[in-house]
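# Overview (structure and organization)
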Amino acid sequence: MLFICVFAFVKVNAQTKQDAPKVYKKRVLETTEVDFLTSYYSQDGDNAAVSGGIGSESLTDVTGTFVVSMPLNDDDILTIDAGISAYTSASSSNINPFDGDNADPFQASSGASSSDLWFNLTGSYTHSSDDRNDIWSTKLAISSEYDYFSVGVGGSYTKLFNQKNTEVSVHGNVYIDSWKLLYPIELRSANVEDGEDDFNLDKATITGNANYTPSFVPLDGTARNSYSVGFGFSQILHKNVQGSLALDFVKQDGLLSTPFQRVYFSDVADSFVENFQLADDIERLPDARFKVAIGGRLNWYLNEIVTLRTFYRYYSDDWGISSNTASIEIPVKITDKFTLYPSYRYYNQTAADYFKPSQTALSTDEYYTSDYDLSKFTANQFGFGVSYTDIFAKAHIRNFGLKSIDLKFYQYDRDTSFSSSIITAGFKFVMD
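What comes next is a walk through the structure. (Residues numbered from 1 in each chain as written. Predicted model: local features only at pLDDT ≥ 70, side-chain atom pairs only at ≥ 80, totals over all residues. Heavy atoms only, no water.)

With that settled, the discussion passes to the pattern of salt bridges. By the definition in use, this model includes 13 salt bridges. The partner of Arg 289 in a salt bridge is Asp 317, and the shortest N-O contact between them spans 2.7 Å. Here Arg 289, found in strand β15 (residues 288–301), pairs with Asp 317, found in strand β16 (residues 307–317); they are 28 residues apart in sequence, far enough to count as distant. Neither residue differs from the other here; Arg 289 and Asp 317 are each classed as buried. (Salt bridge = Lys/Arg side-chain N within 4 Å of Asp/Glu carboxyl O. Helix = DSSP H or I, 4+ residues; strand = E, 2+ residues; numbered from the N terminus. Buried < 20%, exposed > 50% of the residue type's maximum accessible area, 1.4 Å probe, protein only.)

Before going further, it helps to spend a moment on a nonpolar patch on the surface. A surface patch of nonpolar side chains, about 370 Å² in accessible area, is lined by Tyr 40, Val 62, Phe 409 and Ile 423. Among the secondary structure elements, Ile 423 is positioned in strand β24 (residues 419–431). The exposure class of Ile 423 is partly exposed, given its relative accessible area of 49%. (Patch = residues over 30% accessible without salt bridge, like charges linked within 9 Å, V, L, I, M, F, W, Y side chains within 5 Å. Areas by Shrake-Rupley, 256 points an atom, 1.4 Å probe, with all protein chains shown as cover.)

Further remarks concern the sheet that holds strand β12 (residues 271–273). Taken in spatial order, the 3 strands line up as β8-β12-β13 in an open sheet, and their pairing is antiparallel. Unpaired on one side and paired on the other, β8 (206–208) and β13 (276–277) mark the two borders of the sheet. The pairing of β12 with β13 spans 2 bridges and is classified as antiparallel. From the neighbouring strand, Phe 272 faces β13, where its bridge partner is Gln 277. (Pairing = 2+ DSSP bridges.)

Another aspect to go through is the environment of Lys 139. Mapped onto the elements, Lys 139 comes out in strand β5 (residues 134–145). The exposure class of Lys 139 is partly exposed, given its relative accessible area of 28%. For the pair Lys 139 and Asp 177, spaced 38 residues apart in sequence, the C-alpha separation works out to 16 Å. Residues in contact with Lys 139, not counting those within four places in the same chain, are Thr 122, Gly 123, Ser 124, Gly 152, Val 153, Gly 154, Asn 173 and Tyr 175. A polar atom in the side chain of Lys 139 sits 3.3 Å from the side chain of Tyr 175. (Contact = heavy atoms within 4.5 Å. Polar contact = N/O pair within 3.5 Å; in protein donor to acceptor, adjacent residues only side chain to side chain.)

Let's shift gears to the pairing of β5. By the bridge criterion, 10 bridges tie strand β4 (residues 115–128) to β5 in an arrangement that is antiparallel. Opposite Leu 121, over in β5, you have Ile 142 as the bridge partner. Between β4 and the antiparallel strand that follows it, β5, lie 5 residues; Arg 132 among them carries a positive phi value of about 65°. Direction of pairing for β5 relative to strand β6 (residues 148–161): antiparallel, over a ladder of 12 bridges. Residue pairing for β6: Ala 141 is matched across the bridge by Gly 152. Between the antiparallel neighbours β5 and β6 lie 2 residues.

What follows is the structure, encoded as structure tokens:
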């Protein structure tokens, strides 16, 4: 009798499982996606830090990046981000301004430091829970250029609840970087072998203060470490309104000065070779820095045509800099496939405690820099973009359908002499 009851229970339970409806789980990423991103950037100004806060800041940069996102299964995504950037710079070329005729801070030199290549490779892995309410990610990044190498690791966790109307997140990153100590040519010792030491100061004609004897002491150490942690909160406030908040902390230690940026003292007589002033010293900054930033976004879907995207951030650090950033972008959908993106961004900041314009630092100061990125300034940026989106990806290149194209232009101007512009293009392909 007992055997018959047990058999009946097992049979009924098995039949119930067979009859129960199967739960469909949508893949986090349906198919492999490939993004190709490229940009052309140019800038100019008259406050080059390499030549002590005076001189040309002319620079051009071309980048190309491939981002490949691959679904490993229903829940996991592997993303590979590989990029290269090539630049030419009048400013950095004057690390050694004496490899041509008539050295001048407003004239580009033709030395090896006038151009460089930057490489980056980042791999990230993302896992989502079955209900898509928990998302974990981790990443490893490597980048390199002539005088700098960086390795970074990071991770994040995101939790969605309240029927996915509320989202909280935390993320952290660690970057371990190292410099190659490349000093201004006139401050280098004769035994440095870097391919640019064909300039012999003893054979040069020095004008102004002919007794050029800088009290230069090489930097101690080549490492720079950065640690960051951030928190995010996002909430759907209305069917047409979404808001978010972000809080970020960054701690840096190690070599935070740039080895090839000159400084000129007001209490030391000036020395020149041709039209180029010889460095009294290099930039000297503290070996620690702590940064904090808090910001928020508010996106408002007005109607099927117009959306408002707004952003504000306040930033402060223990070097004396505080800043405000505010921006607005207004996507305007003109057809079912084309959208326009006008935008505006405002920025202002106070000067770092250690910022000294050219010829104002004293030789008795502990820290000093003439890098105008650390000065007081206000900046405005205007942008315009257009995007094309085809959710069916009808246009094809081999086995990949073209899903979207994004083109954008930004013009940036400070109330100093600095200005820049950038054109970006992005193409997204999906595998059939």
